[in-house]
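The lines below spell out each chain.
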Amino acid sequence: MTRPKILVVGAGFAGVECLQRLERKLSPGEAELVLVSPSDYQLYLPLLPHVAAGVLTPQSVAVSLRRRLRRTRICPGGAIGIDARAKVCVIRKVTGEVIAEPYDQLVLAAGSTTRTFDIPGLKEHARGMKSLAEAAWLRDHVIAQLDIAAATSDEADRAARLQFVVVGGGYAGTETAACLQRLTSAAVKRYPRLDRAQIKWHLVDVAPRLLPELGEKLGEKAMAMLRYRGIEFSLGTSVASVDATCVKLTDGRTLPSHTLIWTAGVAASPLVATLGAETVRGRLVATPQLTVPGFDGLFAAGDAAAVPDLAKGGDAMCPPTAQHAQRQGKALAANIVARLRGMPLKPYIHQDLGLVVDLGGRDAVSKPLGVELHGLPAQAVARGYHLLALPTMTARTRVMTNWTLNAVAGDDFVRTDFQSRRAGTLQDFENTSVYLTPDQVREHSRPLAAKS
């Protein structure tokens, strides 16, 4: 008998955790394991702001897939369509070749992209914070603005270069603004022609409060810490339009700026739309057992899946966080093994352990197990959590070493210019136009279906 093929799409928390468990639970003869991923690493996304700020090196948060997965075949490419009826996944390899890969069981853990809106100029001029490439590009861009501002004699241009706008008052936006503000505050000491007071960071969000998930008290604590460091807030408003030199807000104000960092939430991977399955706010509807109703052999988890949150009850769905994705991966592996061995599947249930927000230096707010903390105790909890959550001892050692080195020796604020030829916008980094329509997917899967 041929081994059943288990195909996992996405090398995020859910996909990699699932495969690592499957390698432990299944013998090589029980199943063939395949991972579809354009990169050969798992990104530890929560620490990406530290990479942008130069506190951590990119390698610190890029965990080698081959270190974690010893017998999984890695297909270097991205899934661009799925025919769940024919059990075929269409993949565009990194070489550009498009192939149709059949499967017996498929785990859709394709993650998410940056959520955008129909705002004039947004995709052409906004910068994202969703990948290593974006974080590295953003660091170079911010330092370049200091270089250009120090060299220009045009006061208006200098002011626009030194004003940075971050949109999004959630974890990603708050941590990005906090970490990059520390970068510019430290770097300006190396620029005799610049004054620290000239550098302005502005955080914009349509919500009335910062970090609403943490509650009003901790949100206000975070705002107080960041205000003390000079960050300005515009809550209850959003971006009306953006171009290369200014950001216009919906309250009528115009902020001269060459830098708009967009972190206003996430949307499920466009791969979900190729299935033609039921969705909730763009996320694929899944059962508590992490299966997709109406599709044999299809499982879903992570940011791309709308999984009922049984711990909260009612109509609640699990939020798109690394904590849930990682634990869903473990539950997925157990249910796939149960499916192969003819055993009943178990529902996913997990009580949220709490939230941590690292604001850089000694500043942080945390809510572990419902206990509200701020300052150094919160920072200790935040960094301790990240160290425990990193999947390998090598990654933990690198992160701890980088944190220590940065605290002791600081930063040299060097631009690498590795990606100087890239535009660096959301449109440039998040190429969402590669996905196929359901009809196009069937065109690729039809030859395989005819053979079977």
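Residues numbered from 1 in each chain as written. Predicted model: local features only at pLDDT ≥ 70, side-chain atom pairs only at ≥ 80, totals over all residues. Heavy atoms only, no water.

A.B. asks: Before we go on, may I ask you to explain the environment of valine 414 in this structure?
C.D. replies: Secondary-structure assignment places valine 414 in the loop between helix H11 (393-409) and helix H12 (426-429). Each C-alpha atom, one on valine 414 and one on alanine 187, is 9.9 Å from the other, the two residues being 227 residues apart in sequence. Here valine 414 is in contact with Arg139, Asp140 and Ile143, once residues within four sequence places are set aside. (Helix = DSSP H or I, 4+ residues; strand = E, 2+ residues; numbered from the N terminus. Contact = heavy atoms within 4.5 Å.)

A.B. asks: Before we go on, may I ask you to explain the side chain of histidine 141 in this structure?
C.D. replies: Mapped onto the elements of the fold, histidine 141 is located in helix H5 (residues 132-151). If we ignore the near neighbours within four places in the chain, the residues touching histidine 141 are Arg127, His258 and Thr259.

A.B. asks: Teacher, can you tell me more about the UniProt feature "domain: FAD/NAD(P)-binding" (unreviewed entry) in the protein chain here?
C.D. replies: UniProt feature "domain: FAD/NAD(P)-binding" (unreviewed entry): in the numbering of this structure it lies at residues 5-329. Secondary structure within residues 5-329 divides into 28% helix and 28% strand; the distance between the first and last C-alpha atoms comes to 18 Å. (UniProt positions renumbered as here; feature names shortened; annotations may be inferred.)

A.B. asks: Could you clarify how one ought to interpret the sheet that holds strand S6 (residues 88-93) in this entry?
C.D. replies: Sheet strands associate in pairs through backbone hydrogen bonding, adopting either a parallel or an antiparallel arrangement. Ordered in space as S7-S6-S5-S2-S1-S8-S21, the seven strands form an open sheet in which the pairing is mixed. Strand pairing shows two members of the sheet lacking a second neighbour, strand S7 (98-102) and strand S21 (298-300), which therefore form its edges. Going from strand to strand, the sheet's axes swing by 35 degrees on average, the running direction of each strand aside. Strand direction decides the pairing type here: strand S2 (residues 32-37) and strand S5 (residues 73-83), joined by four bridges, are parallel. In the sheet register, valine 36 faces S5, and the bridge partner there is cysteine 75. (Pairing = 2+ DSSP bridges. Axes fitted to C-alpha atoms, helices over the stretch in contact; angles between N-to-C directions.)

A.B. asks: Sorry, what's going on with the pairing of strand S11 (residues 163-167) here?
C.D. replies: The side chains of a regular strand alternate, first on one face of the sheet and then on the other. Of all the five residues making up S11, five are buried; the element is thus mostly covered by neighbouring parts of the structure. Neither face of S11 is open: one carries Gln163, Val165 and Val167, the other Phe164 and Val166, and all of them are buried. The pairing of S11 with strand S17 (residues 259-262) spans four bridges and is classified as parallel. When the bridges of S17 are listed, valine 166 appears paired with isoleucine 261. (Buried < 20%, exposed > 50% of the residue type's maximum accessible area, 1.4 Å probe, protein only.)

A.B. asks: What exactly am I supposed to notice about the packing of helix H1 (residues 13-25) against helix H9 (residues 322-340) here?
C.D. replies: Running from N to C, H1 and H9 cross one another at 35 degrees; their axes reach a closest spacing of 7 Å. In this structure, H1 meets H9 at a crossing whose hand is right-handed. Contacts between H1 and H9 involve Phe13, Ala14, Glu17, Cys18, Arg21, Leu22 and Lys25 on the former and, on the latter, Ala322, Ala325, Gln326, Gly329, Lys330, Leu332, Ala333, Ile336 and Val337. (Left-handed = near helix turned anticlockwise from the far one by under 90°.)

A.B. asks: What exactly am I supposed to notice about the packing of H5 against helix H7 (residues 171-187) here?
C.D. replies: A packed helix pair is summarised by two numbers, namely the angle formed by the two axes and the spacing between the axes. Where H5 contacts H7, the axes come no closer than 11 Å and their chain directions differ by 35 degrees. The handedness of the crossing between H5 and H7 is right-handed. Here Leu138, Arg139, Val142 and Leu146 of H5 lie close against H7, whose contacting residues are Leu180, Leu183, Thr184 and Ala187. Split into classes, the residues belonging to the contact of H5 with H7 amount to six nonpolar, one polar and one charged. (Nonpolar A, V, L, I, M, F, W, Y, C, P; charged D, E, K, R; others polar.)

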